[in-house]
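Here are the chains, one letter per residue:
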Amino acid sequence: MKLLSLSVASLLLSSTLLATVEVDKKVLNFEKQRLSQNQGITLKNLEITTKEALPIRGWYGYVLNIQAEVEGRGALSVNDMVFTNGDAFTMELINMKTGRSFKDLLMPKVTNTYYKKDHLIAGNENAKNKVVVFSDPLCPACQQSLPAIIDIVQAKPQDIALYYYHFPLLTIHPAADTVSKAMVVAKQKGAKNIEEKVYAANFNKYFSARETDIKIILDGFNKALKTNITLAEVNNTAIAHEVSTDVKMGEDVMVQGTPTLFVNGINDQDRSLFQALAK
C-alpha cells in the first residue's frame, strides 16, 4: 500500500512538473510573438530568470530577460514581468485585498554589495536602516524628492544610511550622462555634498536635458557649481565605467525609472517604508 501511495505521489508530481514546463513554453512563445509585432525590435535571446507561484490558485509570476537589437539604440538587455495561469496572460496583476501589484513578490532585493562606502551620501554606514536610491540628476521627480530624502536622513544619521547610485535616463535626458560623469569627477576631486549641490542647481539656465553637446553641458555644470572640470576628465574611460556600473547594478534589481528607492533591501515603490523611517 505504501509503495502504491509513493507511485501515485510520483505520478502526480511528474504531471505537475510537466504542466508547469508546458506553461513555461507558452509564456516564452507568447512573449516572442508579442515582441515580433514591434518592427523596431530584433529579438536575440529570451529566457526565464525567475518564476514564482502566486497565492492565487494556478497562477505564476515570471521575470523574463529580453536581449534584443533596438532600432536607433543598438543592443539592449532588459527584464520584464508577466503573469499567467496557462490560459490567460497579463503584464499586471493586482491583489484586490491589498491593492498592491503581485510584482512585489517578484522584485529582486538589494544585497549588502550595494552598501558601498563610496556611495554613502548621508547618514552613518553603521546605521541599522539602509536606503539605496537610483537617480537621474535631470529627472524632475528626482530633483523634487532627493533633497527632501537627504534632509530626512541627515536628521537621523544614526538610524539611516543613504547610498546614491547614478541611473541617467538617456532616452529622455541624454545630458544626464555628462552630468553624472561630472558628479563622479567632482567627488573624486574632493567636492563635498555634490549630490545636494547638483540637485539644487538650475541647469535649465545653461542647457536642456535633451542637449547632446558635451562641451555645452560641461560648461553649464561648471558655471552652476563653480567647478573646473575638463572634457578630458569626463571622457575618461574609468569615469564612464563607474557610471555604467551603477546603471548595471540598477538593471540587476529591475530599476526601470527614477527615483527608485530600496529600503533595507526591498523596492519601496510607494515610499511607505521610507515614510515609516522618517517618522
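Rules behind the numbers
- Residues numbered from 1 in each chain as written.
- Predicted model: local features only at pLDDT ≥ 70, side-chain atom pairs only at ≥ 80, totals over all residues.
- Heavy atoms only, no water.
- Helix = DSSP H or I, 4+ residues; strand = E, 2+ residues; numbered from the N terminus.
- Expected span 1.5 Å × (residues − 1).
- Contact = heavy atoms within 4.5 Å.
- Polar contact = N/O pair within 3.5 Å; in protein donor to acceptor, adjacent residues only side chain to side chain.
- Pairing = 2+ DSSP bridges.
- Salt bridge = Lys/Arg side-chain N within 4 Å of Asp/Glu carboxyl O.
- Buried < 20%, exposed > 50% of the residue type's maximum accessible area, 1.4 Å probe, protein only.

Novice: What am I meant to see in helix α7 (residues 237-252) here?
Specialist: Residues lying three or four places apart along an α-helix face the same way, a consequence of the helix completing one turn every 3.6 residues. Along its 16 residues, α7 runs 22 Å from first to last C-alpha, staying within 8% of the 22 Å computed at 1.5 Å per residue. Tucked inside the fold, the buried residues of α7 contact β6 (129-135), β7 (160-166), α3 (175-188) and α6 (231-234). The N-cap residue of α7 is N236: its side-chain oxygen and the backbone nitrogen of A238 are 2.7 Å apart. At the exit of α7 stands M254, carrying a positive phi of roughly 60°.

Novice: Hey, could you run me through the sheet that holds strand β1 (residues 41-53) in this one?
Specialist: What links the strands of a sheet is backbone hydrogen bonding, and the strands pair in either a parallel or an antiparallel sense. One open sheet accounts for 4 strands, arranged β1-β2-β3-β4; its pairing is antiparallel. The open sheet has two free edges, formed respectively by β1 and β4 (89-90), since each of these has just one partner strand. Two strands pair when backbone bridges link them, and strand β3 (residues 74-84) and β4 are joined in this way by 2 bridges, in the antiparallel orientation. Bridging from a neighbouring strand, F83 pairs with T90 of β4.

Novice: What's the story with the pattern of salt bridges in this structure? I'm lost.
Specialist: Once their charged atoms are close, side chains differing in charge can pair, the charge on each being opposite to the other. All chains considered together, the criterion is met by 13 salt bridges. Of the charged contacts in the structure, one is a salt bridge between K181 and D177, with a shortest N-O distance of 3.1 Å. Of the two residues, K181 and D177 are both situated in helix α3; the distance of 4 residues between them amounts to about one turn of the helix. The partner of D252 in a salt bridge is K248, and the shortest N-O contact between them spans 2.7 Å. Here the residue D252 and the residue K248 both occupy positions in helix α7, the gap between them amounting to 4 residues, near one helical turn. Look at D252 and you get partly exposed, because its relative accessible area is 41%. With relative accessibility at 45%, the residue K248 sits in the partly exposed group. Residues participating in the shared-partner salt-bridge network are E31, R34 and D80.

Novice: Quick question: what am I supposed to make of the environment of A200 here?
Specialist: Residue position: A200 is located in helix α4 (residues 194-200). Distance in space between the C-alpha atoms of A200 and M249 is 26 Å, their sequence separation being 49 residues.

Novice: Quick question: what am I supposed to make of the sheet that holds strand β5 (residues 120-123) here?
Specialist: On the basis of which strands lie adjacent, the open sheet formed by 5 strands has the order β5-β7-β6-β8-β9 and mixed pairing. Sheet topology places β5 and β9 (266-267) at the edges, where each strand pairs with a single neighbour. Judged from the 3 bridges that link them, β5 and β7 form a sheet pairing that is antiparallel. Considered in β7, the bridge of G123 is made with A161.

Novice: What is the right way to read α3 from this model?
Specialist: Spanning 14 residues, α3 covers 20 Å between terminal C-alpha atoms, matching the ideal 20 Å at 1.5 Å per step. Along α3, 11 of the 14 residues are buried, which leaves the element largely enclosed by surrounding structure. Within the span of α3, buried status applies to A175, A176, T178, V179, S180, K181, A182, M183, V184, V185 and A186. Along its buried surface, α3 packs onto β7, α4, α5 (214-225), α6 and α7.

Novice: Would you mind showing me how to read the pairing of strand β2 (residues 60-70) here?
Specialist: Each regular strand shows side chains that alternate between the opposite faces of the sheet. Within β2, 8 of the 11 residues are buried, which leaves the element mostly enclosed by the surrounding structure. Across 11 bridges, the pairing between β1 and β2 is antiparallel. By the bridge assignment, E47 is partnered in β2 with N65. Linking β1 back to β2 in an antiparallel pair, the connection comprises 6 residues, with G58 at a positive phi of about 85°. Where β2 folds back onto β3 in an antiparallel hairpin, the turn is made up of 3 residues, including G72, whose phi is positive at roughly 85°.

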